[in-house]
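# Understanding the architecture of this molecule
One letter stands for each residue in the lines below.
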Amino acid sequence: MTYTVVVTDHDFGDLSIERAVLGDVAEIVALTDDIGERDANAVKAFRTADAIINLRSVIDANAITTMENARVIARYGIGVDNIDVAAAADCNIPVTNVPEYCHEEVATHALTMLLALARSIPSYDRSVGRGEWSRAVGTPVHRFSTRTVGVVGYGTIGREIGDRAAALGADVVASDPFLSKADLADDPADLVAFEELLERSDFVTIHSPLTDDTRGLFDAEAFCRMKDSASLINVARGPIIDSDALLNALNTGAIAAAGLDVFPDEPPPMDDPLCDHNRVITTPHVAWYSEESNEERRRTTAKIVETVLSGGEPWNVVNGV
């Protein structure tokens, strides 16, 4: 029997990796890139699909209730905030992700942004481009071993950032509501309350998932608690930061700088003032990216689907089914 796997969206150029994994088990149907046409075709495709593979498309409760045959919804990536996982659970459909494919890349990207701000590299780069040659435009710069790095969300990626920052001589503090001090007994980080982390840190880097509790976590009150010399790095999810509050904090000097790989709306509007702010460095949601990580997430996602369609149990299930 040949099954049908619907790929809602992708940006890979082709689906050769997926077809190599699923070729003997399933036919792959890729929905069009045209959003209006994709939405129209999705209802029919979802009704007959035996599995769904998803990247960025929103799969809400209405879409899930049309899935008559789906055995699994598999996401290319870590976050599943674009899938109604509770609705899927109600329909007894497991939702899976790929939680380990880009730990190295995200940690490296976050640390790169952090160190670039620590050394005032964006300011110096822009200054030299203007024909200037002055140390003053980037001052003050402090020895990294005198700084404190705060890691919000101390999972696998957060711990890797903590280890790397500590290896470079910084003090590390971490905030995570799911951990106790005993969990960090052999870790270089000191587990503290979120508010204390904000007050102590010279650099704050975000590695939390987007949930009801973390949406808007960095609001005006949070920025008021931070040092006016502090920098904020976000490689997690855009809505964790209140963008208006961040812009105000930067413009009023409540914090010094920010590094953003993610935005509430992606891509952000052309006139988003954070995109060309002279104290913000930005990248287009690429912290996860390397050629190796991209291949790994595709192969792992396809393998989960192949296992389920072959009668096996899924892994990396996020909704308890």
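This text follows the structure it describes.
Residues numbered from 1 in each chain as written. Predicted model: local features only at pLDDT ≥ 70, side-chain atom pairs only at ≥ 80, totals over all residues. Heavy atoms only, no water.

## Some remarks on the sheet that holds strand 5 (residues 95-96)
The strand order 2-1-3-4-5 describes an open sheet built from five strands, whose pairing is parallel. What marks the edges here is a single partner per strand, and that holds for strand 2 (26-30) and strand 5. (Pairing = 2+ DSSP bridges. Helix = DSSP H or I, 4+ residues; strand = E, 2+ residues; numbered from the N terminus.)

## With respect to the nonpolar core
By size, the foremost hydrophobic cluster in this structure holds 32 residues, and its most contacted members are Val106, Phe144, Val149 and Ile233. Residue assignment for this core shows that the elements contributing at least two residues are helix 5 (103-118), strand 6 (148-152), helix 7 (156-167) and strand 7 (171-175). The dominant element in this core, judged by the number of residues it contributes, is helix 5, at nine residues. Val173, Val192, Phe218 and Ile255 belong to the second-largest nonpolar core, a separate cluster that totals 29 residues. (Core = buried A, V, L, I, M, F, W, Y, C linked by side-chain atoms within 4.5 Å. Buried < 20%, exposed > 50% of the residue type's maximum accessible area, 1.4 Å probe, protein only.)

## Re the sheet that holds strand 6
Sheet architecture is open: seven strands sit in the order 8-7-6-9-10-11-12, paired in parallel fashion. In this open sheet, the two strands that pair with only one neighbour each are strand 8 (190-191) and strand 12 (280-282). Of the strand pairs in this sheet, strand 6 and strand 9 (residues 203-206) are connected by four bridges, and their pairing is parallel. Bridge assignment links Val151 to a residue of strand 9, and that residue is Thr205. In this fold helix 7 packs onto strand 6, strand 7 and strand 9, with an angle of close to 175° to the strand it touches most, strand 6. (Contact = heavy atoms within 4.5 Å. Axes fitted to C-alpha atoms, helices over the stretch in contact; angles between N-to-C directions.)

## Quick look at the pattern of salt bridges
Applying the stated rule across the entire model yields 16 salt bridges. The residue Asp190 makes a salt bridge to Lys181 at a minimum N-O spacing of 3.3 Å. By relative accessible area, which is 33% here, Asp190 ends up partly exposed. Among the charged side chains, a salt-bridge network with shared partners connects Lys181, Asp190, Glu196 and Arg200. (Salt bridge = Lys/Arg side-chain N within 4 Å of Asp/Glu carboxyl O.)

## Observations concerning the pairing of strand 6
Two faces, one strand: in a regular strand the side chains alternate between the faces of the sheet. Of all five residues making up strand 6, five are buried, and the element is well covered by its neighbours. In the sheet, strand 6 pairs with strand 7 via five bridges, with the strands oriented parallel. Bridge assignment links Thr148 to a residue of strand 7, and that residue is Asp171. Taken together, strand 6, helix 7 and strand 7 constitute a β-α-β crossover, and its handedness is right-handed. (Right-handed = clockwise from strand over helix to strand, strands pointing away.)

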